[in-house]
Amino acid sequence: MVIKTAAKVEHIVQSELKTNLIGLCPEPEGLIKFQPRICLQKLKELTYRSILSADLFDTEMLRELAKVAAYLQLKKISADKVLNDKIMATAFFEASTRTRLSFESAMLRLGGKTLSVAEAALTGEAKGEKLLDIGQMFNSYADIVVIRHTQQKAIQELSEYLRIPIINGGNGSDEHPTQALADWYALLKWKPDLMLGAASEEQLHLGIVGTPGSMRTVKSFLILALLFRHNISQITIVSEMADPLGVEVQSFCDSSPIPIDIKNDLQEVVGELDVIYMNSIAFLGDGYRTLGSRFKLDKESRLKKGAVVLHPLARKDELDVSLDHTRHNLYFNQADGAVFIRQALLLIVFGRLEQVLPDHLIE
Amino acid sequence: MVIKTAAKVEHIVQSELKTNLIGLCPEPEGLIKFQPRICLQKLKELTYRSILSADLFDTEMLRELAKVAAYLQLKKISADKVLNDKIMATAFFEASTRTRLSFESAMLRLGGKTLSVAEAALTGEAKGEKLLDIGQMFNSYADIVVIRHTQQKAIQELSEYLRIPIINGGNGSDEHPTQALADWYALLKWKPDLMLGAASEEQLHLGIVGTPGSMRTVKSFLILALLFRHNISQITIVSEMADPLGVEVQSFCDSSPIPIDIKNDLQEVVGELDVIYMNSIAFLGDGYRTLGSRFKLDKESRLKKGAVVLHPLARKDELDVSLDHTRHNLYFNQADGAVFIRQALLLIVFGRLEQVLPDHLIE
Amino acid sequence: MVIKTAAKVEHIVQSELKTNLIGLCPEPEGLIKFQPRICLQKLKELTYRSILSADLFDTEMLRELAKVAAYLQLKKISADKVLNDKIMATAFFEASTRTRLSFESAMLRLGGKTLSVAEAALTGEAKGEKLLDIGQMFNSYADIVVIRHTQQKAIQELSEYLRIPIINGGNGSDEHPTQALADWYALLKWKPDLMLGAASEEQLHLGIVGTPGSMRTVKSFLILALLFRHNISQITIVSEMADPLGVEVQSFCDSSPIPIDIKNDLQEVVGELDVIYMNSIAFLGDGYRTLGSRFKLDKESRLKKGAVVLHPLARKDELDVSLDHTRHNLYFNQADGAVFIRQALLLIVFGRLEQVLPDHLIE
């Protein structure tokens, strides 16, 4: 009999439901203050397009996408029926609750339908079914498919015969582009100046804990970070690996407009960082590995005043719960915003934005 | 080629579809005969409230809830679109088909959407995700969450950061409140006099087979049973355990207005019982155990004339199928009613009852 | 960073979305050319009927069903809301993505709701729940249930207490009737003359690779094949088994109006066959077995000009991808059509066809 909890929860629930009451809660208003109108023309570049990599997005695209998400989060546009003739299939060949639910929730909130293959790994493929046959199958069952797979190359194979858009929900050690969109949506709400695309007086020092070469969330986050050369003065990658970038990412970073350095102890630089991107799991192609103790944050960490912490979650012990109730916690806001940025993306990929945006918001 | 079955099934299906054709089939009309009008004021106590324990319900609350379920079962109120802006997440960290489907079906019948995490145990938590992070996640993905977990304390952890209502779908050996509501909905249909809240001429002798201390369905059922002191003269707990109550339930029963005794052989008392609450599985924190042979019922059991048997199902062999076609079988009616009591609960928790109740039914 | 794929996929997606662009793509128009009007009276025989075996269908029924599917595929009837008060439960006690998604997609496209028990094998039954109790459960949770099970007899047990229609989604080595409907829908689109029910000048030689006695898809396909005695001159079963038919199917074939012979090497007859029905997996009650190398097809196989290949998929290596881009490939069209034939079946079983067919299409 857990009546005490009942009472407590009731109290919490009775309180007004903001999208986030814990940690730092920047509101979306800032994103539509400077330029309230949406540039449809720009967003149309994504119509019926597959979202496979973060490098599909430039500054303007990310900005317009974030503004749509802001309107959705602020409920200034009503879009609860706009996709009611569409079906999204979520095909997760690697277990994941958070990403799958975020996409399914986003689709349902837009009136769409969902087909879930949460047990994908247990079925077709296990029976020896070819990925290209699975891709062909989705043509007639769904209008869009969100895929997660342990192998980077899986998406190429799946798209061999596919004629509907795919959204990459994480493919092995390659990318997780929509997570990166959620990450930057949170940062844009935190510093709306980043929306201006001009040099801001305050230059940010970005810290990324992890190995961009083998961790998809980190890699996708880094790709978008390079769009903000006017606002980011330094990117420090903190990793225990000798070569955290790897050949592919290294060549990508060689042309980086932002200086990138590498450290192997978070404590050493934590006091200088304005943004710390944490991550719990290093995907190694066939499993997960927890990062060492030199890469943990808790209330004792000497965080810079005003610094914020991001974490795609789920976290293990690298990010201590003692930080949850501090203003360093931007990760809950980041999690809460993920569903809105995905709603925005779905509206745009299906080319339905015009149906929900009032004229005065269209540029 | 199973054409014979085809013919048979067709025949059955062509027959009029009552909610239950097998066993005893008390109709819901009796529940709204005396007081057809619903006391909204009382039910509003549950608006946005989490349903964690059966002790949230008093006699009046249970009565009004049962009346709403009766109207829904009788289709006297149309509520097929009322929750179309709501999403229910079902997070089952312990496998269960029956409870999950019952909630999802209830939600769908009200026009709501569902997000299913049937494989919860396989994913986030397995990766070491903290329950409080999972709870935080649901804030942005759903409007209500139904949770089943093997651990009693799981719900406290999950609600740490949760700001939407939780419904306890069974937490370890603690409680399963909505099952108890379904149990009593069946009993109220069977004996509408129980609705009067006054002493009935016929006093019931209740038999509970199981250990309230370690079986959640039994515990929740017992909590509600104690509300009917005017109608229940005796509660006999039949268990093979030396101390079937345990400290927590014992202290709860010490203040019981109804005499409670304990027996360790069902056959010994079966002839005296008006209601026999059966249960197949004793949840022991980390697994299930089948009850011994002294606790089984079949057609040979010397059941009292007019006695009814309840069983939350799924049954194993403690309840023989030979009883299915007798008038002792109230368990199928109990199962069929579960979806309506859950529909009623959802309407009330979301505060949407007024939108579907015609004025003449509101008190 | 998989931008190359992104570009490629975008290009494909931007192209007009036909139901099938790969292989042979017969359009559905042919099916409604001769007799555009639907014979409702005939189809009403299936109202509220369970679909357990392919022998429920005669030539006329199959023809009318195919015409409804054709109208749905051509979007000449709008049926996107007609089942919005219905719930379909898919109970798969044997893992399957393809069949389950096909049914769920069909239901969602008609505005219906779905309840998925994809993990059925993991839950109730695993806990020792009786199939008849599971069947009883569905009465109150759903309006129709699609079942797949490893055991032939499972459906009889499940229907013991069931009062809603069941659709057999594959029961052990017995049948898979809706797969056979999808197979023949593709063949009817390929040769609309088959719709006439009269002797066609061109007589077809049908080759079936597999063992009808132990492979459900093959058995159901064969049952429907025997309806086309005016158009099929010969059926050759190609199997490595000494007795591929088994007692039950043998007795069924004894009364076959079409000569049936058996060969044990596909290469031996491949040049004579107009239709080759391939199959990758032999269900042996408790597992799967891949067919030997003498039963494979690839671009080197000396296929007859104009011959078509069918495969229920998922394929393994018996059907080489080198055939995918040839005009022998009817299997992708077969896969794409499956969702429409199932939509047609659902409309008919629920007796809702009249609500979507315009008067001028009703006979």
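Predicted model only: the values in this text are computed from it and were never measured.

Quick word on the overall build of chain A
When helices and strands are tallied, chain A shows 11 helices and 11 strands. Sorting the 363 residues of chain A into buried and exposed places 66% on the buried side. Here the contacts in chain A between residues at least 6 apart in sequence split such that 75% fall between residues at least 24 apart. Per element, the accessible surface of chain A, about 12,100 Å² overall, is 50% carbon and sulfur.

Re the domain arrangement of chain A
All names here are of chain A. Here the domain parsing of chain A yields domain 1 (78-172) and domain 2 (177-336). Taken together, the contact pairs 12 residues of domain 1 with 10 residues of domain 2. When domain 1 packs against domain 2, the two sides together hide about 780 Å² of surface, and 45% of this comes from carbon and sulfur. Broken down residue by residue, the surface that domain 1 buries against domain 2 is led by Glu 94, Arg 98 and Gly 172, which jointly contribute 50%. Here domain 1 is connected to domain 2 by 1 salt bridge. A salt bridge links Arg 216 to Glu 94, with the nearest nitrogen and oxygen atoms 3.1 Å apart. For the side of domain 1 that touches domain 2, the secondary structure elements donating two or more residues are α4 (98-109), β3 (144-149) and β4 (166-171). Counting residues per element, the side of domain 1 that touches domain 2 draws most heavily on β4, at 4 residues.

A word on unusual backbone geometry
Cis geometry marks the peptide bond from Leu 313 of chain B to Ala 314 of chain B, where omega comes out at 0°. Checked against the element boundaries, Ala 314 of chain B lands in the loop between β11 (308-310) and α11 (331-349). The backbone of Leu 313 of chain A sits at a positive phi, close to 60°, despite the residue not being glycine. Tracing the sequence through the fold places Leu 313 of chain A in the loop between β11 (308-310) and α11 (331-349). Relative accessible area serves as the criterion here: at 12%, Leu 313 of chain A is assigned to the buried category.

Here we look at the pattern of salt bridges
Considering all chains together, one arrives at 54 salt bridges over all chains under this definition. Glu 157 of chain B is paired through a salt bridge with Lys 153 of chain B; the nearest N and O atoms lie 3.9 Å apart. Of the residues examined, Lys 153 of chain B reaches a relative accessible area of 49% and is grouped as partly exposed. Across the pair Asp 324 of chain C and Arg 315 of chain C runs a salt bridge, and its minimum N-O distance is 2.7 Å. Each member of the pair, Asp 324 of chain C as well as Arg 315 of chain C, is classed as buried. Overlapping salt bridges bring together Lys 42, Glu 45 and Asp 58 of chain A as one network.

Concerning the sheet that holds strand β7 (residues 260-263) of chain B
All names here are of chain B. Taken together, 5 strands build an open sheet; the order of strands is β7-β6-β5-β8-β11 and the sheet is parallel. The open sheet has two edge strands, β7 and β11, and neither has a second partner. Neighbour-to-neighbour, the strand axes of this sheet turn through a mean angle of 20°, independent of strand direction. Examined bridge by bridge, strand β6 (residues 232-238) and β7 share 4 bridges and lie parallel to one another. Note that in β7 the partner of Ile 237 across the bridge is Ile 262. Running at roughly 165° to strand β5 (residues 204-209), helix α8 (residues 216-225) makes contact with β5, β6, β8 (275-277) and β11 of the sheet.

Digging into the packing of helix α3 (residues 59-73) of chain B against helix α7 (residues 177-190) of chain B
Residue and element names in this part refer to chain B. Contact pair α3 / α7: the axes reach a minimum separation of 10 Å and the direction vectors enclose 75°. Between α3 and α7, the interaxial angle falls into the category roughly perpendicular. On α7, the residues touching Leu 62, Leu 65, Ala 66, Ala 69, Ala 70 and Gln 73 of α3 are Leu 181, Trp 184, Tyr 185, Leu 188 and Lys 189.

Regarding helix α4 (residues 98-109) of chain B
All names here are of chain B. Here α4 spans 16 Å end to end across 12 residues, near enough to the 16 Å set by a 1.5 Å rise per residue. Listed as buried for α4 are Arg 98, Thr 99, Arg 100, Leu 101, Ser 102, Phe 103, Glu 104, Ser 105, Ala 106, Met 107 and Leu 108. Directly after α4, the chain includes Gly 111, whose backbone phi takes a positive value near 85°.

What about the packing of helix α7 (residues 177-190) of chain A against helix α8 (residues 216-225) of chain A?
All names here are of chain A. Running from N to C, α7 and α8 point in directions that differ by 55°, and their axes come no closer than 8 Å. It follows that α7 is oblique to α8 by the angle criterion. The handedness of the crossing between α7 and α8 comes out as right-handed. Side by side, α7 and α8 meet where Pro 177, Gln 179, Ala 180, Leu 181, Asp 183, Trp 184 and Leu 187 of the first sit next to Thr 217, Ser 220, Phe 221, Leu 224 and Ala 225 of the second. For the contact of α7 with α8, a count of residues per class yields 8 nonpolar, 3 polar and 1 charged.

A few points about the packing of aromatic side chains
As enumerated under the stated definition, the model contains 15 aromatic pairs over all chains in all. Taking the centre distance of 5.3 Å and the plane angle of 80° together, the rings of Tyr 331 of chain A and Phe 332 of chain A count as edge-to-face. Accessibility assignment for this pair places Tyr 331 of chain A and Phe 332 of chain A in one class, buried. Aromatic pair Trp 184 of chain B and Phe 228 of chain B: ring centres 4.6 Å apart, planes at 5°, arrangement stacked. Note that Trp 184 of chain B is positioned in helix α7 and Phe 228 of chain B in the loop between α8 and β6, a separation of 44 residues in sequence. For the pair Trp 184 of chain B and Phe 228 of chain B, one class covers both residues: buried. Taken together, the aromatic side chains of Trp 184, Phe 221, Phe 228 and Tyr 277 of chain A make up a single cluster linked through ring pairs.

Considering the environment of Leu 303 of chain C
Residues and elements named next belong to chain C. Relative to the helices and strands, Leu 303 resides in the loop between β10 (288-290) and β11 (308-310). With a relative accessible area of 14%, Leu 303 lands in the buried category. C-alpha of Leu 303 to C-alpha of Ser 200: the two residues are 103 residues apart in sequence and 22 Å apart in space. Those residues in contact with Leu 303 that sit more than four places away from it in its chain are Val 270, Ile 276, Leu 297, Val 309, Leu 323 and His 328.

Describing the nonpolar core
The nonpolar side chains of soluble globular proteins are, as a tendency, buried together. Ranked by internal contacts, the top residues of the largest apolar core, which has 108 residues, are Phe 138 of chain A together with Phe 57, Trp 184, Ile 235, Leu 346 and Leu 353 of chain C. Contact partners of Leu 346 of chain C, with chain neighbours within four places excluded, come to Leu 83, Met 88, Ala 106, Met 107, Leu 110, Ile 144 and Ile 167 of chain C.

Here we look at the environment of Leu 74 of chain C
All names here are of chain C. Structurally, Leu 74 is set in the loop between α3 (59-73) and β1 (87-92). In this structure the C-alpha to C-alpha distance between Leu 74 and Gly 30, which are 44 residues apart in sequence, comes to 11 Å. Beyond its immediate chain neighbours, meaning those up to four positions away, Leu 74 contacts Pro 28, Glu 29 and Ile 32.

Section: the sheet that holds β1 of chain C
Pairing within the open sheet is parallel, and its 4 strands lie in the order β2-β1-β3-β4 (chain C). Of all the strands in the sheet, the pair left with one neighbour each is β2 (113-117) and β4 (166-171) of chain C. Averaged over all pairs of adjacent strands, the angle between strand axes in this sheet comes to 15°, irrespective of strand direction. Running at roughly 175° to β2 of chain C, α4 of chain B makes contact with β1 and β2 of chain C of the sheet.

Points about the pairing of strand β3 (residues 144-149) of chain C
Residues and elements named next belong to chain C. With respect to burial, β3 is a largely interior element, 6 of its 6 residues being buried. Burial of the side chains of β3 extends over both faces: Ile 144, Val 146 and Arg 148 are buried on one face and Val 145, Ile 147 and His 149 on the other. Summarising the sheet, β1 and β3 pair through 5 bridges and their orientation is parallel. Directly across from Ala 91, in β3, lies its bridge partner Ile 147.

Notes on the pairing of β6 of chain B
Along any regular strand the residues' side chains alternate between the sheet's two faces. Residue and element names in this part refer to chain B. Counting buried residues along β6, 5 of its 7 residues qualify, which places the element largely inside the surrounding structure. Examined bridge by bridge, β5 and β6 share 6 bridges and lie parallel to one another. Paired with Leu 206 across the bridge in β6 is Ile 235. Since β5 and β6 lie parallel, the crossover through α8 that links them has a hand, and here it is right-handed. Handedness of the crossover joining β6 and β7 through helix α9 (residues 246-254): right-handed.

Side note on the side chain of Gln 334 of chain C
Relative to the helices and strands, Gln 334 of chain C resides in helix α11 (residues 331-349). Apart from the residues lying within four places of it in its own chain, the contact partners of Gln 334 of chain C are Gln 179, Ala 182, Asp 183, Ala 186, Tyr 277, Leu 310, His 311 and Pro 312 of chain C.

Some points on α11 of chain B
Residues and elements named next belong to chain B. When the terminal C-alpha atoms of α11 are compared, their 26 Å separation across 19 residues agrees well with the 27 Å that a helix rising 1.5 Å per residue should span. At Gly 337, α11 shows its largest bend, some 35°. Most of α11 sits out of view: 19 of its 19 residues are buried. Of the residues flanking the end of α11, it is Gly 351, one or two places downstream, whose phi is positive at about 65°.

What counts and how
Residues numbered from 1 in each chain as written. Chains lettered and ligands numbered in written order. Predicted model: local features only at pLDDT ≥ 70, side-chain atom pairs only at ≥ 80, totals over all residues. Heavy atoms only, no water. Helix = DSSP H or I, 4+ residues; strand = E, 2+ residues; numbered from the N terminus. Buried < 20%, exposed > 50% of the residue type's maximum accessible area, 1.4 Å probe, protein only. Contact = heavy atoms within 4.5 Å. Areas by Shrake-Rupley, 256 points an atom, 1.4 Å probe, with all protein chains shown as cover. Domains from an automatic or database assignment. Buried area = accessible area lost by both parts, 1.4 Å probe. Salt bridge = Lys/Arg side-chain N within 4 Å of Asp/Glu carboxyl O. Pairing = 2+ DSSP bridges. Axes fitted to C-alpha atoms, helices over the stretch in contact; angles between N-to-C directions. Parallel < 35°, antiparallel > 145°, perpendicular 65-115°, else oblique. Expected span 1.5 Å × (residues − 1). Left-handed = near helix turned anticlockwise from the far one by under 90°. Nonpolar A, V, L, I, M, F, W, Y, C, P; charged D, E, K, R; others polar. Phe/Tyr/Trp six-rings, centres within 6.5 Å; stacked < 30°, edge-to-face > 60°. Core = buried A, V, L, I, M, F, W, Y, C linked by side-chain atoms within 4.5 Å. Right-handed = clockwise from strand over helix to strand, strands pointing away. Bend = angle between axes of the 7 residues up to and from the residue.

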